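Here is what each chain is made of, one letter per residue.
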Amino acid sequence: MTDHRMDIIWAPWRMAYITGDHEKEKAEEAARNALLPPLLDGGKDDCFLCQAAVCPQQQFPARYIVHRSESVMTLLNRYPYNNGHLLIAPRRHIANLSDLTILEWEEISRQLTRRVEQIRRLMNAEGFNVGLNLGRVAGAGVPGHLHWHIVPRWNGDTNFVTTIGAMKAIPQSLEAVCELLRQDDQSEMK
Ligand SMILES: [Zn+2]
């Protein structure tokens, strides 16, 4: 891994903010969405989690999907509160805990446990905020589709986090973290 890559994983905010070409970004997103197979039963067209639930594997990097199993998926938050901010969600568009099957519960718990340990090990995170916002009044950005947040914390990150809040991350940073986690998954499976 090059120093440059380390720099975007560890301190993306130090890099110059990329003046994004938003028209191009929107066109790329529309092209990606045009290639989507039909959504799962009950899926919503405008829900990025429902799109992630069915997208072809070639789109995983562009959608920052770290892992997707039969019923659960793990992806990086495009608007992170901190570096390495992950979302874990069932593939089905369901809003309530009581809608989860036992299998989904089990897979979500396994992913939560695994990702916390992985980010602690790979990114030296010193703590985590792990949780679930149920309903819009509780702060859920996508209230119809359950998703857990894992926000890694480092000593001294508070100023950064509270100043910036949810930010649009530099795409290279998201790609680099996604790649880091995916490569680590593969090395563990060997
Ligand atoms: Zn959804």
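Up top is the structure these notes are about.
For the structure given in this document, a descriptive report is provided here. None of the values given here were measured: they were computed from a predicted structure.

1. Here's the deal with the sheet that holds strand E2 (residues 72-76)
An order of E1-E2-E3-E5-E4 is seen for the five strands of this open sheet, with the pairing classed as antiparallel. Across the chains shown, the open sheet's two edge strands, defined by having one partner strand only, are strand E1 (65-68) and strand E4 (127-132). Ignoring which end each strand starts from, the neighbouring axes of this sheet average 15° apart. Strands in contact with helix H4 (residues 102-123) are E1, E2, strand E3 (86-90), E4 and strand E5 (148-153); relative to E3, the strand with the most contacts, it is inclined by about 165°.

2. Quick look at unusual backbone geometry
The phi angle of most residues is negative, glycine excepted, and most peptide bonds adopt the trans form. Residue Tyr-64 is not a glycine yet carries a positive backbone phi of 60°. By the secondary structure assignment, Tyr-64 is in the loop between helix H3 (48-54) and E1. For Tyr-64, a relative accessible area of 7% corresponds to the buried category.

3. Let's talk about the nonpolar core
Residues Leu-76, Leu-86, Ile-88, Ile-108 and Trp-148 are the most contacted members of the largest nonpolar core, which totals 23 residues. For this core, the secondary-structure elements that each account for two or more residues are E2, E3, H4, E5 and helix H6 (171-189). Apart from residues lying up to four places away in sequence, Ile-88 is in contact with Val-72, Met-73, Thr-74, Ile-108, Gln-111, Leu-112, Arg-115, His-147, Trp-148 and Ile-150. Cys-47, Ala-52, Ala-53 and Val-54 belong to the second largest nonpolar core, which has 14 residues in total.

4. A look at the side chain of His-145
With respect to the helices and strands, His-145 occurs in the loop between E4 and E5. Among the polar contacts listed, one links the side chain of His-145 to the side chain of His-93, at a separation of 3.4 Å. Apart from the residues within four sequence positions on either side, His-145 is in contact with Cys-47, Leu-49, Cys-50, Met-73, Ala-89, Pro-90, Arg-91, Arg-92, His-93 and Ile-94.

5. Section: the coordination of the zinc ion
The coordination sphere of the zinc ion contains the protein donors Cys-47 (SG), Cys-50 (SG), His-93 (ND1) and His-145 (ND1), at a distance range of 2.0 to 2.3 Å. Counting gaps between the donor residues of the zinc ion yields the pattern C-x2-C-x42-H-x51-H. With a gap of 46 residues between them, Cys-47 in the loop between helix H2 (22-34) and H3 and His-93 in the loop between E3 and H4 connect regions that are remote in the sequence. Assessed through its relative accessible area of 3%, Cys-47 is described here as buried.

So, how was this worked out
- Residues numbered from 1 in each chain as written.
- Predicted model: local features only at pLDDT ≥ 70, side-chain atom pairs only at ≥ 80, totals over all residues.
- Heavy atoms only, no water.
- Pairing = 2+ DSSP bridges.
- Helix = DSSP H or I, 4+ residues; strand = E, 2+ residues; numbered from the N terminus.
- Axes fitted to C-alpha atoms, helices over the stretch in contact; angles between N-to-C directions.
- Contact = heavy atoms within 4.5 Å.
- Buried < 20%, exposed > 50% of the residue type's maximum accessible area, 1.4 Å probe, protein only.
- Core = buried A, V, L, I, M, F, W, Y, C linked by side-chain atoms within 4.5 Å.
- Polar contact = N/O pair within 3.5 Å; in protein donor to acceptor, adjacent residues only side chain to side chain.
- Donors = N, O, S within 2.8 Å, 3.2 Å for Na, K, Ca; no water.

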